[in-house]
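The residues making up each chain are set out below.
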Amino acid sequence: MKKLIGMIAPLLVAMAGGSAAMAQNAEPRWSIAIHGGAGTLERKDMTTEKDAAYRAALQAALDAGKAVLAAGGTSLDAVTAAVRLLEEDPKFNAGKGAVYTWDGAHELDAAIMDGRTRAAGAVAGVTTVRNPILLARKVMEDSPHVMLAGKGAEQFASEKGLELVPNSWFDTPERLEALKKVKTGKVTALDVDIKFGTVGAVALDTHGNLAAGTSTGGMTGKRWGRIGDAPIIGAGTYAENGVCAVSATGWGEYFIRVGVARTLCARMAMKGESAQAAADATLADVARLGGDGGVIVVGANGDAVFGIEASGMYRGRATSAGVNQVAIYKDE
Ligand code: ASP
């Protein structure tokens, strides 16, 4: 009997090891998800051209991130590349195309986090930095601080040689129209039709490192130096190796109060929830308070998932296992 067990045991161990290795091989080696904001996005309000233009822009950002990851680059670089491209695109509320403040200017927020070390960089209320995600990254990599705001952040940007532009460079007629509507009281500053459009990316690289980045112009008609959730580590942005990377979009005040990104990761780490379950539960909490929006999540296992508490979210995901999807409406 002993002899039999002695013969079978190594076999069982080999089989178990074999299936673990197979499971590992089946998992994506890299993974990325992006968003371009969530809100009221319904087919009836979209023209075919507009729908196609958004999908092409999302695919381009996804491709920029994929190229970095597929070449063995870092998740930080992939996230930076994808967010930067979306910042340059006037269709999204980040960088060029950012919404207007009550006073008719643009104040931009951004954050980035490295899941490997949990180093983070964030900027809030910057007005002349062309790509706030690059400044957030500089704060993380080249300053002793995590978050810089306003004039000081601008000074840091200029000292580090980042590209500066006049505030009017961020102008677009569509966003000006939205401000006018808010000012004439046709909609409120928090009306679902105009408040979203933030961009973000999360990624897992072939080295097993997670990263997250988010960039936004905030909310139309914001006042008094209002800062949203995007640059707040643990609210709109969070990454922790072995757990998950999250970027959020939505009604920032609620996302701050729920601590969305950190709570979501904590649910995965402490309760063992899947990325999807944790995203759904955390957004349900946002909804209970009266907020809405969405999240993109990449888990340590390479799962790339969306959580949506709105009728749509501009989004995309891709993995080394062959997933490639861009989508707009919640039901696709
Ligand atoms: N979360 C952003 C903010 O509150 C807005 C958005 O996602 O569009 O500033």
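Residues numbered from 1 in each chain as written. Predicted model: local features only at pLDDT ≥ 70, side-chain atom pairs only at ≥ 80, totals over all residues. Heavy atoms only, no water.

(A) Summary view of the state of the cysteines. One pass over the full model with this rule turns up one disulfide. Between the sulfur atoms of Cys-244 and its disulfide mate Cys-265 the distance is 2.1 Å. Its S-S torsion of about -110° marks the bond between Cys-244 and Cys-265 as left-handed, since a negative value means left-handed. In this pair, Cys-244 is assigned in strand β8 (residues 244-250) and Cys-265 in helix α8 (residues 260-271), connecting sequence segments 21 residues apart. Both residues of the pair, Cys-244 and Cys-265, count as buried. (Disulfide = S-S within 2.5 Å. Helix = DSSP H or I, 4+ residues; strand = E, 2+ residues; numbered from the N terminus. Buried < 20%, exposed > 50% of the residue type's maximum accessible area, 1.4 Å probe, protein only.)

(B) Local environment of the pairing of strand β12 (residues 324-329). Pairing of strand β11 (residues 312-319) with β12, which is carried by five bridges, proceeds in the antiparallel orientation. Following the sheet pairing, Gly-312 is matched in β12 by Tyr-329. Between β11 and β12, which follow one another and run antiparallel, lie four residues, and Gly-322 among them has a positive phi close to 105°. (Pairing = 2+ DSSP bridges.)

(C) Summary view of the site of the ligand. The full set close to the ligand counts twelve residues, and Thr-198, Arg-226, Asp-229, Thr-249 and Gly-250 are the nearest of them. In the environment of the ligand, a nitrogen atom lies 2.7 Å from a nitrogen or oxygen atom belonging to the side chain of Asp-229. When isolated, the ligand has an accessible area of 270 Å², and the protein chains bury 100% of it. More than half of the atoms belonging to the ligand lie within 2 Å of the grid points that define the largest cavity. In terms of residue class, the shell around the ligand is built from two nonpolar, seven polar and three charged. (Near = heavy atom within 4 Å. Polar contact = N/O pair within 3.5 Å; in protein donor to acceptor, adjacent residues only side chain to side chain. Areas by Shrake-Rupley, 256 points an atom, 1.4 Å probe, with all protein chains shown as cover. 1 Å grid on protein atoms, 1.4 Å probe; cavity = no way out; pocket = protein on both sides within 12 Å on 5 of 7 lines; lining within 4 Å. Sits in = over half its atoms within 2 Å of the grid points. Nonpolar A, V, L, I, M, F, W, Y, C, P; charged D, E, K, R; others polar.)

(D) View of empty space enclosed by the protein. By the definition in use, this model includes one cavity of 30 Å³ or more. Of the voids in this model, the largest cavity is the one considered here, and its volume is about 90 Å³. As for the largest cavity, its lining consists of 14 residues, and the residues nearest its centre are Thr-198, Thr-216, Gly-218, Asp-229 and Gly-250. The element that contributes the greatest number of residues to the lining of the largest cavity is β8, accounting for three residues. A class-by-class count of the residues in the lining of the largest cavity yields four nonpolar, seven polar and three charged. (Points joined across faces, edges and corners; volume = space filled by probe spheres on them.)

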